[in-house]
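# A structural walkthrough
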Amino acid sequence: MKTCIIVGASHAGGHLAVTLRQSGWDGGIVLVGEEPHLPYHRPPLSKDFLAGKKSLDEILIRPREVYDKANIRVLTGRRVAAIDRSAKQIVLADGERLDYDALALAVGSSVRRMSAPGTELKGVHYLRNVADVEAIRADVRPGGNAVIVGGGYIGLETAAVLRGSGMNVTVVEMLERVMQRVTAPQVSAFYSRVHTEEGVKIFCGTGVNAFEGSGRIESVVCAGGKMLPADLVIVGIGIVPNVELAQAAGLEIDNGIVVDEFTRTSDPDIHAIGDCTNHYTRIYDRRMRLESVQNATDQARAAALAICGKGQPYDALPWFWSDQYDLKLQIAGLSQGHDEVVLRGDPGAGRSFAAFYLKEGRVIAVDAVNKPQEFMAGRKLITEKKAVDKTKLTDPAVPMRELT
Ligand code: FAD
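Residues numbered from 1 in each chain as written. Predicted model: local features only at pLDDT ≥ 70, side-chain atom pairs only at ≥ 80, totals over all residues. Heavy atoms only, no water.

Aromatic ring pairs are described here by two measures, namely the spacing of the ring centres and the angle between the planes. A full pass over the atoms with the stated rule returns four aromatic pairs. With centroids separated by 5.2 Å and ring planes inclined at 85°, the aromatic side chains of Phe190 and Tyr191 adopt a geometry described as edge-to-face. For the residue pair Phe190 and Tyr191, the accessibility class agrees, reading buried in each case. Aromatic rings pair up to connect Phe190, Tyr191 and Phe353 into one cluster. Its end group placed over the ring of Phe203, Lys226 keeps NZ or CZ at 4.3 Å from the ring centre. (Phe/Tyr/Trp six-rings, centres within 6.5 Å; stacked < 30°, edge-to-face > 60°. Buried < 20%, exposed > 50% of the residue type's maximum accessible area, 1.4 Å probe, protein only. Lys NZ or Arg CZ within 6 Å of the ring centre and 35° of its normal.)

In structure tokens form, the structure reads like this:
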């Protein structure tokens, strides 16, 4: 009997295990993850799970019975230390070896760490997994001071939750505006305004030089000397793909594990999926690395079909979301390379609008805040690559369906 081993039990790995069975794989399936839990939804970690509104059981992607029923062997709390390609085996950290016929790497990413002095102080946290959130929650005190380093999605989502928990929250961002890497200035300005209205202090264009305290964090020292009192710090400055295992096994690496459109690495018996991959996307005709649940689950489906010999090129439109306060931001497509941003609604007032990113008169991405119809229509406009009527697009009185 053939065996497929999947390394990494999260969005990509868990989805692959189940989809592989559904796609007709009748051999063994072994899902190995270093975390002590079954695959769980990671997005709530900076949203409802951090806020204490959801338990771990409520964020599991699937209950244990689903894996049992599909005859999937799930090994939790087990780290894969190496891949022996010539023997077609994986080597677990305790030395146990397991044979594979097909191997899939769904090893995700890890937080980018800061090199500033003081990061080892108690109360300075990163946020990637359940254990991180449990440690953060133990430090949440109404009336206490929280400093968030990094004004990206994770930083702003945690700022919103900690504000809701009654903390005084300050966000320190090195770039000139929040979410600068991913959104237009109008969208950044909107989020800065809303966070300020909610009582969050935001310092942009400000780096962090050090964390100070005797044993526990007491203050954050910003570049330029500004001192921010802190009882809790969350550092959210991005992630790096986990490539070490693949690299040590001699697979091709280039800002992620390089895969083709069938999710195959440079070794055709080894697939890679999710955050850890660098893959080709036809819609934008370029290689990229994505950090999203959509990419993890859609690539898992592509890998399942490929491993079962029914491969279809991976060709999904990237999409993403972020929840902050009462704002639901839905993003479709990738805005890099746009030559114009057009707005539908006013980001300067109220709490809903959409920003469409155009290139040569065609929509390539949309950021929709509390505007689900604009998001849905935007997805269609992006995939159809049709020239769009800007006058209609910017007129909220014209229904989106007239544009698609
Ligand atoms: P991961 O989820 O990183 O999982 C990889 C797993 O592999 C981990 O459990 C890791 O421990 C394990 N692993 C690694 N190496 C080994 C090894 N050698 N042996 C065994 N196990 C190993 N995306 C969205 O689309 N929308 C959101 O709103 C959103 N919010 C987010 C909020 C937070 C706080 C975080 C952290 C992420 C968020 N994301 C969001 C991103 C999304 O969660 C990731 O893109 C997604 O988890 C990627 O799935 P993955 O399976 O590829 O990798």
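That shown, we press on.
A sheet is described by the order of its strands in space; here five strands give the open sequence E9-E16-E10-E11-E12, paired in parallel fashion. Each edge of the sheet is formed by a strand with only one pairing partner; in this case those strands are strand E9 (124-126) and strand E12 (201-203). Direction aside, neighbouring strands of the sheet carry axes that sit 20° apart on average. When strand E11 (residues 168-172) meets E12, the two strands line up parallel, connected through three bridges. (Pairing = 2+ DSSP bridges. Helix = DSSP H or I, 4+ residues; strand = E, 2+ residues; numbered from the N terminus. Axes fitted to C-alpha atoms, helices over the stretch in contact; angles between N-to-C directions.)

Adjacent strands of a sheet form backbone hydrogen bonds with each other and so pair up, either parallel or antiparallel. The strand order E18-E20-E21 describes an open sheet built from three strands, whose pairing is mixed. Edge positions in the sheet fall to strand E18 (257-258) and strand E21 (286-288), since each of these pairs with one other strand and no more. Taken together, the three bridges between strand E20 (residues 277-281) and E21 define a ladder with antiparallel strand orientation. By the bridge assignment, Thr281 is partnered in E21 with Arg286.

These figures capture arrangement, not role.
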